[in-house]
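Per-entry structural report
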Amino acid sequence: MPWERDVDVRLLAQHLSDRRVADGNQRSWRGTRDGAGFVSDWLQALIIEGRGFCAGIGLLSAGEALPVAVITTLRPQLWVRVPTGTTIMPFYGGIQVEDTGATGAFEALIGYDATDVGNGTSDAADYGPVQLRSGAARRSACTVRQEATADVTADPDADLWRVWKAEDNAATPATAGPSNFDWKPWPALPVLVGPASLMMYLGSSAAPIVTAQFQWVEFETSEIV
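Reference entry: report on the structure contained in this document. (Residues numbered from 1 in each chain as written. Predicted model: local features only at pLDDT ≥ 70, side-chain atom pairs only at ≥ 80, totals over all residues. Heavy atoms only, no water.)

A separate point is the packing of aromatic side chains. Under the defined criterion, the tally for this structure stands at 2 aromatic pairs. On the basis of an interplanar angle of 20 degrees and a centroid distance of 6.1 Å, the ring pair of W42 and F219 is categorised as stacked. With a gap of 177 residues between them, W42 in helix α1 (residues 42-49) and F219 in strand β15 (residues 209-220) connect regions that are remote in the sequence. Using a relative accessible area of 2% as the deciding quantity, one classes F219 as buried. (Phe/Tyr/Trp six-rings, centres within 6.5 Å; stacked < 30°, edge-to-face > 60°. Helix = DSSP H or I, 4+ residues; strand = E, 2+ residues; numbered from the N terminus. Buried < 20%, exposed > 50% of the residue type's maximum accessible area, 1.4 Å probe, protein only.)

Structure, rendered in structure tokens:
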């Protein structure tokens, strides 16, 4: 009987390949080299492909001393410049406040702009973009900057995904321990189609000492949108 015959189900061993096709084309079921179909989430699969990157402020245990300033949309403290032809999906932003200053109120914000806001007067990020898969050859097309001391070249839209505020914090890590802030836009990740900018702002009434970072996955725009 037909239903008694053996069924030979095959898939394409494509654990690390990032080959993509245009909409409307068929693809083989993708699996690992031992024949297991993918069951990991899509984000993890993209990082295995070598599409994940991170960048940030602060090196080893040395935090970055930021100026005393309120948040100004033209002067972000950490931002990812996404060029034309590149699309990113950020999935994490973190801020670790080592010291808010003796009487420092602290405020943080993450937002984006639908343009590349440029470098302004700033420094290269302390590190990154760094591959999230060791040994992967793929490099990021994005540029990461920190600590704008003069205006960036475009006015951000101030489209916000989340706002954090820790007001009137008189305690320092010596007495209360550090403060950590995490932004995890999951399961719905923002999609920034270049030219675009992903930006982090930090404001304080005293001189805060912080480390901070972004993580994202990256595509050529033609591959994803």
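Turning our eyes to something else, we now look at the pattern of salt bridges. Evaluation of the coordinates by the stated rule reveals 4 salt bridges. We note a salt bridge from R51 to E49, for which the minimum N-O separation is 3.0 Å. Across the pair D116 and R81 runs a salt bridge, and its minimum N-O distance is 2.7 Å. Taken together, the positions of D116 in the loop between β7 (106-113) and β8 (121-124) and R81 in strand β5 (residues 78-82) put the pair 35 residues apart, joining distant regions of the chain. The class of D116 is partly exposed, set by a relative accessible area of 24%. Via salt bridges that share partners, E49, R51 and E223 belong to a single interconnected network. (Salt bridge = Lys/Arg side-chain N within 4 Å of Asp/Glu carboxyl O.)

On to α1. Since there are 3.6 residues in each turn of an α-helix, residues three or four apart along the chain are aligned in direction. Turning to α1, its buried residues number three or more, namely L43, A45, L46, I47 and E49. Trailing α1 by a residue or two, G50 shows a phi angle of about 95 degrees, which is positive.

Tracing the chain through its elements places S140 in the loop between β9 (127-131) and β10 (143-150). Only 3.0 Å separates the side chain of S140 from the backbone nitrogen of C142, close enough to count as a polar contact. For S140, the side chain forms a polar contact with the side chain of E218, separated by 2.7 Å. With residues near it in sequence (within four places) discarded, S140 still touches F53, P129, W216 and E218. (Polar contact = N/O pair within 3.5 Å; in protein donor to acceptor, adjacent residues only side chain to side chain. Contact = heavy atoms within 4.5 Å.)

Moving on, we get to unusual backbone geometry. Of the consecutive residues G128 and P129, the connecting peptide bond is found in the cis state with omega at 5 degrees. Secondary-structure assignment places P129 in strand β9. Note that the residue after G194, namely P195, is joined by a cis bond; omega there is 5 degrees. The residue E147 is not glycine, and still its phi comes out positive at about 55 degrees.

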